[in-house]
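Structural characterization, general
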Amino acid sequence: MRGYITHPNVHFDLNEQGKLDVRRAVGTEGTLSVVKDLGLRDFFTGQVPIVSGEIAEDFTQYLTVSEQVPSAVALGVLVNPDNTIKASGGFIIQVMPGATDETITLLEQKLSDTRPVSRQIDDGLSPEQILEEVLGEENVKFIDRLPVAFECNCSKERFGNAIIGLGENEIREMIEEDGGAEAQCHFCNEIYDFSKEDLEGFLKDAQSGE
Ligand SMILES: [Zn+2]
């Protein structure tokens with residue numbers, strides 16, 4: 001999953017519960033847009049209006065309304081006095097098709113009894129241990145484990161194709177006015193530099209309609 005923040009330098013006082021005031025930073029007007037690459041020809045996109053401003057609640061709403069899968073999303077961050085992150089993480093629990101009302105009620109109950117996920121992570125719990133604490137050890141069976149990593153599928157080639165897609169006039173302007181171009185990935189902040197020669201190559205591609 002990748003996301004980006006347009007204005008990352010936001011700092012507010014803690015909210016009434018003594019927590020980071022995410023709602024105030026995110027706001028309660030706007031839309032949550034999700035773009036999914038399912039390996040098909042086109043991306044799957046879904047949008048819901050922001051209802052909460054608290055990210056986990058809005059994701060819950062998105063999954064329930066747009067994807068129609070009853071879901072529980074928990075997110076938490078503990079911040080040190082110097083604003084570095086002490087602990088952060090979360091989980092998503094979704095019910096399988098055909099889950100009984102009994103299961104859903106039990107889930108809701110367990111989730112409302114659970115302490116904040118940021119505390120669980122701060123205590124050093126592994127993802128497996130968090131699930132066992134939330135759902136009850138006897139209710140969990142691990143089917144598979146996948147590694148997570150900070151990585152992005154952007155590349156210079158992808159950005160180059162995007163520049164070609166802008167069309168001849170835009171590219172010519174970049175060559176004449178800036179003598180090159182710089183593109184920064186919204187998701188990982190990687191910067192890609194394109195020289196005048198790169199752009200002249202793109203211009204040829206755009207002209208030939210490639
Ligand atoms: Zn990237």
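Presented here is an overview of the structure given in this document. Within each chain, residue numbers correspond to sequence positions counted from 1 in written order. A pLDDT threshold of at least 70 governs which residues receive local features in this predicted model, and a stricter bar of 80 or more applies before side-chain atom pairs are shown or counted, although totals over entire chains, interfaces and linings include all residues. Working from all heavy atoms in the structure, the side-chain values ignore hydrogens and water.

All right, on to helix α2 (residues 55–65) then. The set of residues buried in α2 consists of Ala56, Asp58, Tyr62 and Leu63. Buried positions in α2, seen along its axis, are confined to an arc of 160 degrees and lie on one side of it. Close packing links the buried residues of α2 with β1 (31–36), β2 (44–49), β3 (71–79) and β4 (85–94). We call a residue buried when its accessible area falls under 20% of the maximum for its residue type, exposed when it is over 50%, and partly exposed in between, using a 1.4 Å probe and counting protein chains only. Helix and strand assignments follow DSSP, with helices taken as H or I runs no shorter than four residues and strands as E runs no shorter than two, numbered in order from the N terminus. Arc, as used here, means the arc of the directions from the helix axis to the C-beta atoms. Contacts are residue-level and defined by heavy atoms, with any inter-residue pair within 4.5 Å sufficient.

Within the span of helix α7 (residues 168–178), buried status applies to Ile171, Met174 and Ile175. All buried residues of α7 fall inside an arc of 95 degrees around its axis, so they share one side. Exposed residues pointing more than 90 degrees away from the buried face of α7 are listed as Asn169, Glu176 and Glu177. Backbone geometry just after α7 places Gly179 at a positive phi near 65 degrees.

Further remarks concern a negative patch on the surface. Patch membership requires more than 30% relative accessible area and the absence of a salt bridge. Residues of like charge join within 9 Å; the nonpolar side chains Val, Leu, Ile, Met, Phe, Trp and Tyr join within 5 Å. Methods summary: accessible areas were calculated by the Shrake-Rupley approach with a probe of 1.4 Å, and residue burial reflects only the protein chains presented. The salt bridge definition used is simple: a Lys or Arg side-chain nitrogen within 4 Å of an Asp or Glu carboxyl oxygen. For the charge count, each Lys or Arg is scored as positive and each Asp or Glu as negative, with His and the chain ends excluded. A charge is said to be at NZ when it belongs to Lys, at CZ for Arg, at CG for Asp and at CD for Glu. On the surface, Glu170, Glu173, Glu176, Glu177 and Asp178 cluster together into a negatively charged patch. You can see Glu173 is positioned in helix α7.

In this section: the coordination of the zinc ion. Protein coordination at the zinc ion comes from Cys152 (SG), Cys154 (SG), Cys185 (SG) and Cys188 (SG), with a distance range of 2.3 Å. Considering all four donor atoms around the zinc ion, angles at the metal cover 105 to 114 degrees and the coordination shape is tetrahedral. Spacing between the donor residues of the zinc ion along their common chain follows C-x1-C-x30-C-x2-C. With a gap of 33 residues between them, Cys152 in the loop between α5 (127–135) and α6 (156–166) and Cys185 in the loop between β5 (180–184) and β6 (191–195) connect regions that are remote in the sequence. By relative accessible area, Cys185 is classed as buried at 3%. Excluding water, the donors of a metal are its N, O and S neighbours within 2.8 Å, or within 3.2 Å for Na, K and Ca, and that exclusion means sites may look incomplete. For a four-donor site, all angles between 85 and 135 degrees give tetrahedral; for four or six donors, opposite pairs above 155 degrees with the remaining angles between 65 and 115 give square planar or octahedral; all remaining cases count as irregular.

Relative orientation of the contacting elements α7 and helix α8 (residues 196–207) amounts to 165 degrees, with a least axis distance of 9 Å. By the criterion of interaxial angle, the relationship of α7 to α8 is roughly antiparallel. As for how α7 packs across α8, the hand of that crossing is left-handed. Judged by residue contacts, Glu168, Ile171, Arg172, Met174 and Ile175 of α7 engage Lys196, Leu199, Glu200, Phe202, Leu203, Ala206 and Gln207 from α8. Any residue that is not Ala, Val, Leu, Ile, Met, Phe, Trp, Tyr, Cys, Pro, Asp, Glu, Lys or Arg is counted as polar, Gly included; the first ten are nonpolar and the last four charged. Looking at the contact of α7 with α8 residue by residue, the class counts come to seven nonpolar, one polar and four charged. Axis definition: a line fitted to C-alpha atoms, limited for helices to the stretch in contact. Angles are taken between N-to-C directions and run from 0 to 180 degrees. To sort the angles, those under 35 degrees are grouped as roughly parallel, those over 145 as roughly antiparallel, those from 65 to 115 as roughly perpendicular, and the leftovers as oblique. The hand of a helix crossing depends on one turn: near helix anticlockwise from the far one by less than a right angle means left-handed, and clockwise means right-handed.

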